[in-house]
Amino acid sequence: MNEETNNEFKKNLEKFKKMAKRGKETKMDKKPQIIVVGRSNVGKSTLVRLITKKDVRVGKKPGVTLKINKYDVGNFILVDLPGFGFMTGLEEKVQNKIKKEIVQYIEDNKDQIVGSIILIDVKAFPGIVERWDSKDEIPIDIEMFEFLEELELNPSIFINKMDKIKKNDQDKTLDKIVAIFGCPAPWRQWINDIITIGILKEGIGLNEVMVKINKNVNEYNRVKNKK
Ligand SMILES: Nc1nc2c(ncn2[C@@H]2O[C@H](COP(=O)(O)OP(=O)(O)OP(=O)(O)O)[C@@H](O)[C@H]2O)c(=O)[nH]1
Ligand SMILES: [Mg+2]
């Protein structure tokens, strides 16, 4: 093959590959996506199970699944991403790989992601921040929040496992947490906006999350239909 034919061949091959890829796209790929992110064990699968009413495995050993799970929930796709951050028994190399994979997924799908939920464990979070602070690094949850904001993917923070802290400590703890995400106290002023608190184990907070998801999905459809 001379160079010209060779280039032509390559061009056609690329075209063919693209066509094949497009052909493989399902209806699912065209729907708006809501992504669920967070450290391991914060309750991501619990939330996904509540929303999808599907048999999503909960409470399994952290960090085992590297897979990105997508669920068709009718007018949107719910994406359960693997847990990020430090996990006992997991090599740093694997942890970094997971983080990279999550970031890659978000970048590749950013046009279709209309909302994102970062879940945190109310009891574990302040300790995580303190440990990271002493190392002069940004906790990955905050890094992720800033990344999602930058891409305009409407991040909201779900503060889960509220049953694990005393009622008396609630205001103090929540004020501290929202401040870390750049929202000054009192925490209550952020509740309809970016913060949701709940006990997903008991289904508490699910309605509030659904209101936020529906808002994101409706806004996406409104803009799309205008075009
Ligand atoms: N106390 C308490 N436990 C909860 C709550 N929500 C979920 N859990 C429990 O937390 C554990 C982890 O929940 P999962 O939903 O599997 O967490 P995950 O974020 O999907 O974890 P990975 O898949 O490992 O990343 C399970 O034992 C849940 O039952 C809650 O509101 N309060
Ligand atoms: Mg899970």
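None of the values given here were measured: they were computed from a predicted structure. (Residues numbered from 1 in each chain as written. Chains lettered and ligands numbered in written order. Predicted model: local features only at pLDDT ≥ 70, side-chain atom pairs only at ≥ 80, totals over all residues. Heavy atoms only, no water.)

Caption draft 1: Seen up close, the overall build of the chain. On a plain count of helices and strands, the chain comes out with 7 helices and 6 strands. Listing the helices and strands of the chain from first to last along the sequence gives α-β-α-β-β-α-β-α-α-β-α-β-α. For the chain, with 227 residues in total, the buried portion stands at 42%. When contacts within the chain are restricted to residue pairs at least 6 apart in sequence, long-range pairs at least 24 apart make up 70% of them. Carbon and sulfur atoms make up 51% of the accessible area of the chain, which amounts to about 14,000 Å² in all. (Helix = DSSP H or I, 4+ residues; strand = E, 2+ residues; numbered from the N terminus. Buried < 20%, exposed > 50% of the residue type's maximum accessible area, 1.4 Å probe, protein only. Contact = heavy atoms within 4.5 Å. Areas by Shrake-Rupley, 256 points an atom, 1.4 Å probe, with all protein chains shown as cover.)

Caption draft 2: Structural context of the sheet that holds strand β6 (residues 195-197). Ordered by their spatial adjacency, 6 strands build an open sheet running β2-β3-β1-β4-β5-β6, and the pairing between neighbours is mixed. Since the sheet does not close on itself, it has two edges, and those belong to β2 (69-72) and β6, each with one partner. Ignoring strand direction, the axes of neighbouring strands in this sheet form an average angle of 20 degrees. Direction of pairing for strand β1 (residues 33-38) relative to strand β3 (residues 77-80): parallel, over a ladder of 4 bridges. Bridge assignment links Ile 34 to a residue of β3, and that residue is Leu 78. Strands β4 (113-121), β5 (155-160) and β6 of the sheet are contacted by helix α6 (residues 170-180), whose axis makes an angle of about 145 degrees with β6. (Pairing = 2+ DSSP bridges. Axes fitted to C-alpha atoms, helices over the stretch in contact; angles between N-to-C directions.)

Caption draft 3: Quick look at the pattern of salt bridges. Applying the stated criterion across every chain yields a total of 7 salt bridges. Asp 72 is paired through a salt bridge with Lys 31; the nearest N and O atoms lie 2.9 Å apart. In this pair, Asp 72 sits in strand β2 while Lys 31 sits in the loop between α1 (3-24) and β1, placing the two residues 41 residues apart along the sequence. Taking relative accessible area as the criterion, Asp 72 reaches 32% and is therefore assigned partly exposed. Here Arg 222 makes a salt bridge to Glu 219, at a shortest N to O gap of 3.0 Å. Placement of the pair is Arg 222 and Glu 219 together in helix α7 (residues 206-226), with a separation of 3 residues, close to one helical turn. (Salt bridge = Lys/Arg side-chain N within 4 Å of Asp/Glu carboxyl O.)

Caption draft 4: Examining the packing of helix α2 (residues 44-52) against α7 more closely. Two elements in contact, α2 and α7, have axes whose closest approach is 11 Å; the angle formed by their N-to-C orientations is 75 degrees. With respect to α7, the axis of α2 lies roughly perpendicular. For the pair α2 and α7, contact is made by Leu 47, Leu 50 and Ile 51 and by Leu 206, Val 209, Met 210 and Ile 213, respectively. Of the residues in the contact of α2 with α7, the class split is 7 nonpolar, no polar and no charged. (Parallel < 35°, antiparallel > 145°, perpendicular 65-115°, else oblique. Nonpolar A, V, L, I, M, F, W, Y, C, P; charged D, E, K, R; others polar.)

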